[in-house]
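Chain residues, written in single-letter form:
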Amino acid sequence: MSSEPPHPTTTATITAGDWAAPAVDRAVDAVVPVPGSKSLTNRFLVLAALAQDSSRLSRPLRSRDSTLMCEALQALGTRIDSRSDDTEWLIEPAPLHGPAAIDCGLAGTVMRFLPPVAALAEGTVAFDGDDGARRRPLGPVLGALRSLGVTVDGDGLPFTLTGTGRVTGGTVHIDASGSSQFVSALLLAGARYDDGITVIHDGKQVPSLPHIAMTVEVLRDAGVLVDDSEANRWRVEPSQIHALDVEVEPDLSNAFPFLAAALLTGGQVTVPGWPVVTTQAGDHARDILQQFGADVQLTREGLTVRGTGRVEAIDIDLHEASELSPVVAAIAAFADGPSHLRGIGHIRFHETDRLAALATELGRLGSDVEETEDGLVIRPKRMRGNTFHTYGDHRMVMAAAVLGLRVPHVVVEDAGTVAKTMPDFTARWTRMIGE
Ligand SMILES: O=C(O)C1=C[C@@H](OP(=O)(O)O)[C@@H](O)[C@H](O)C1
Ligand SMILES: C=C(OP(=O)(O)O)C(=O)O
């Protein structure tokens, strides 16, 4: 840790649901296993429900987003059984049918991936979600389905879709500059459309491209032919989807705040089971932490990050790994100069307007944060404890935990919202610090 004088504090009131983020005055030294990837778990669930035979998922993520995905697929007729202390899920596909009501919560993967699946069901499927989900864009997916002849009565949540049990498929043109999930959604179900699907993107840059690469990879692993050889065009041939027997990789984006703790405290954190090859965007954490000044080693034991207590300012385009932005912003607030985060305008439509939320909440702690058209400029200032609002956003909780390491008395409001992807985040965090 740097030898700064103590931080000024304000006394934030703690009420039910709040979490006092622990500050540490020594180097964190811990091994932190993290649960399975949200993005992989929810893709595997969708493919398993569309597959020709029963599938097995090992070490899936149990969280709000994945539970909502399970419940939605079950409502459409899929059977899902949990075994071995929830470390194994068996998925038995069945003809999809309505009537069904699907609660998307705040999960982008549920609200985007399931309409193209529900289009294959016979009957009416009603979709809704949290208030925050109603402001998340969905129009390109629903418009694409409508252009394929599916009956959909809206452009966002809530809406109703009426399927006939089959979709002809073909070519759709969409603007996917708002979310890579629009493309992933159509590709995941497209193999089951009579003519497959060709998705052509017309618009500004598509964000989070590794997530589309992940979709393409899981489809190919399930025996589906996918052509992604041309930029902004994806072709999925009509085909059977093979049953899956897969182990879910740890969630590298959820590992990121724990690794950041090593950087910020001059300590050492190892996340076991870090894959050597992966399509997870969270793998960018390695490069990002290095740019911030950490020593990063990938070995057979996992990914180990060592910090010196010093944090170098960075200028970074995060459009490939935008889900890392909140924690990147939290780290940058301790850097030795101003940092620029670019290429992430679309995160205004993530769980919350993340640019506004980060500028407001970092500002509340005393940092100087400017919103730009496509990102943030963070000029580190001396920070003091205060309430940190989370806006229903799990990654705001993770960002607050990182800030709280070196700013005493950060009170994280509605910390339970982290259950979206990591229900035991605060317990793991406390354990890491206690180790
Ligand atoms: O397909 C996925 O699993 C995801 C895609 C990305 O969405 P965007 O393209 O909207 O950023 C990412 O940020 C999100 O956390 C998960
Ligand atoms: C943007 C995110 O989630 P979602 O899958 O809901 O889009 C995220 O996890 O940071």
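Residues numbered from 1 in each chain as written. Chains lettered and ligands numbered in written order. Predicted model: local features only at pLDDT ≥ 70, side-chain atom pairs only at ≥ 80, totals over all residues. Heavy atoms only, no water.

Under an unreviewed UniProt entry, the chain has the name 3-phosphoshikimate 1-carboxyvinyltransferase and belongs to Flexivirga endophytica. UniProt annotates the chain under Catalytic activity (unreviewed entry) with the comment "3-phosphoshikimate + phosphoenolpyruvate = 5-O-(1-carboxyvinyl)-3-phosphoshikimate + phosphate". Quoted verbatim from the Subunit (unreviewed entry) field of UniProt, the annotation for the chain is "Monomer." (UniProt positions renumbered as here; feature names shortened; annotations may be inferred.)

Draft legend 1. Structural view of the pattern of salt bridges. Applying the stated criterion to the full structure yields 26 salt bridges. Put simply, Arg 233 and Asp 227 hold a salt bridge, and the shortest N to O gap is 3.9 Å. Note on Arg 233: relative accessible area 23%, which makes it partly exposed. Here the residues in one salt-bridge network are Asp 65, Glu 351, Arg 354, Asp 393 and Lys 420, joined through shared partners. (Salt bridge = Lys/Arg side-chain N within 4 Å of Asp/Glu carboxyl O. Buried < 20%, exposed > 50% of the residue type's maximum accessible area, 1.4 Å probe, protein only.)

Draft legend 2. Structural view of the UniProt feature "binding site: phosphoenolpyruvate" (unreviewed entry) in the chain. Residues given the UniProt feature "binding site: phosphoenolpyruvate" (unreviewed entry) here are Lys 38, Gly 108, Arg 136, Gln 181, Arg 354, Arg 395 and Lys 420. For Arg 136, the location among the structural elements is in the loop between helix H4 (131-134) and helix H5 (139-147). Given the relative accessible area of 5%, Arg 136 is considered buried. If sequence neighbours within four positions are ignored, Arg 136 has contacts with Leu 106, Ala 107, Gly 108, Met 111, Arg 112, Phe 349, His 350 and Glu 351. As for its position among the elements, Gln 181 is in helix H6 (residues 181-190). On the basis of relative accessibility, which here comes to 15%, the residue Gln 181 falls in the buried class. Among residues more than four places away in sequence, those in contact with Gln 181 are Gly 108, Thr 109, Arg 112 and Phe 113. (Helix = DSSP H or I, 4+ residues; strand = E, 2+ residues; numbered from the N terminus. Contact = heavy atoms within 4.5 Å.)

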